[in-house]
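What follows is the residue order along each chain.
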Amino acid sequence: MTLDDLPPLRESLAAAGLAARKSFGQHFLLDLNLTRKIARLAGPLDGETVVEVGPGPGGLTRALLEAGAHVIAVEKDARFMPLLEDLAILADGRLTLIRADALTLDPARLPAGASVVANLPYNVATPLLVGWLTGAWRPSAMTLMFQKEVAERIAAAPGSKDYGRLSVLVQALREARMVMELPARAFTPPPKVASAVVRLTPRADRPSDALVDRLQRVTAAAFGQRRKMLRSSLKPLGGEALCVAAGVEPSARAEELSVEQFLTLAVKLDD
Ligand code: SAM
């Protein structure tokens, strides 16, 4: 038996008697055409190592394996392990399973240089992303499914209502592009909202960790009072003098500033 001979995911789930659990953010992609499309968006994967968080019944996992990837799959829900172990047998050593909570997983268990591809559990998607951007294990490329509203915040440009702390942090560290939208009905069971896949690739000019810390202080203050002028919202950090030092208009509001202007404010911030 090979990966091609596997029964449809719906049948595998029914045979295993598995129903989705809300508390684990479980909304499955059972259409292999969709999971194959996500694997294609993740770029050429032949021979690459990919970490997948939340494989669940393994639809995306199958597509990643078909594309030739070595997959390290981290799943919190033990109920899926038998299904995934069957998949691992067919994958001929290319699927490693880790039964763990991805939020607390020891980063040393994940290989340097791997990318992440995941249909993320929505309740923990943003903390996982922030951990991968700033934590001890930093993937190369990331191809991640979020609630569409979160995807829009990640990729938002200055001037839009979605532009905020998350947009600036992500875009300071990564090129961010929304590459696919999916209606709620694409999932089983359907969530309340639409979803979107975001592709995040490394920026050539990654700021230092110290500068990212300072950037976070600036964006927390600026977007914490986003309707106020920067001279006022940034008062605890230097207010007008900081704006002038950074060449930023003190009467501007947070959402008008580019990521580069926020980085300049962070550079000029006193320690
Ligand atoms: N990848 C599958 C798919 O596309 O059909 C399932 C996606 S479902 C949205 C999210 C998956 O993440 C579920 O399998 C869930 O059990 C798992 N999960 C939820 N919280 C997790 C956590 N903290 N760590 C690891 N996996 C988690």
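Residues numbered from 1 in each chain as written. Predicted model: local features only at pLDDT ≥ 70, side-chain atom pairs only at ≥ 80, totals over all residues. Heavy atoms only, no water.

Section: the site of the ligand
Logical step 1: Around the ligand, a shell composed of 20 residues is seen, among which Q26, L29, G54, E75 and N119 lie nearest.
Logical step 2: With respect to the ligand, the side chain of D101 contributes an N or O atom lying 2.8 Å from a nitrogen atom.
Logical step 3: In terms of residue class, the shell around the ligand is built from nine nonpolar, six polar and five charged. (Near = heavy atom within 4 Å. Polar contact = N/O pair within 3.5 Å; in protein donor to acceptor, adjacent residues only side chain to side chain. Nonpolar A, V, L, I, M, F, W, Y, C, P; charged D, E, K, R; others polar.)

What to know about the domain arrangement of the chain
Logical step 1: Split by domain assignment, the chain resolves into domain 1 (3-202) and domain 2 (209-268).
Logical step 2: Each of domain 1 and domain 2 was reduced to a C-alpha centroid, and the two centroids are 33 Å apart.
Logical step 3: In this complex, domain 1 contributes 14 residues to the contact, which on the side of domain 2 involves 16 residues.
Logical step 4: A combined buried area of about 1,100 Å² lies between domain 1 and domain 2, and 62% of that area is made up of carbon and sulfur atoms. (Domains from an automatic or database assignment. Contact = heavy atoms within 4.5 Å. Buried area = accessible area lost by both parts, 1.4 Å probe.)

Re helix 10 (residues 239-246)
Logical step 1: The complete set of buried residues in helix 10 reads G239, L242, C243 and A246. The buried residues of helix 10 occupy an angular sector of 100 degrees when the element is viewed end-on, so they sit on one face. Exposed and oriented more than 90 degrees from the buried face of helix 10 are A241 and V244.
Logical step 2: Within two residues after helix 10, G247 carries a phi angle of roughly 70 degrees, on the positive side. (Buried < 20%, exposed > 50% of the residue type's maximum accessible area, 1.4 Å probe, protein only. Helix = DSSP H or I, 4+ residues; strand = E, 2+ residues; numbered from the N terminus. Arc of directions from axis to C-beta.)

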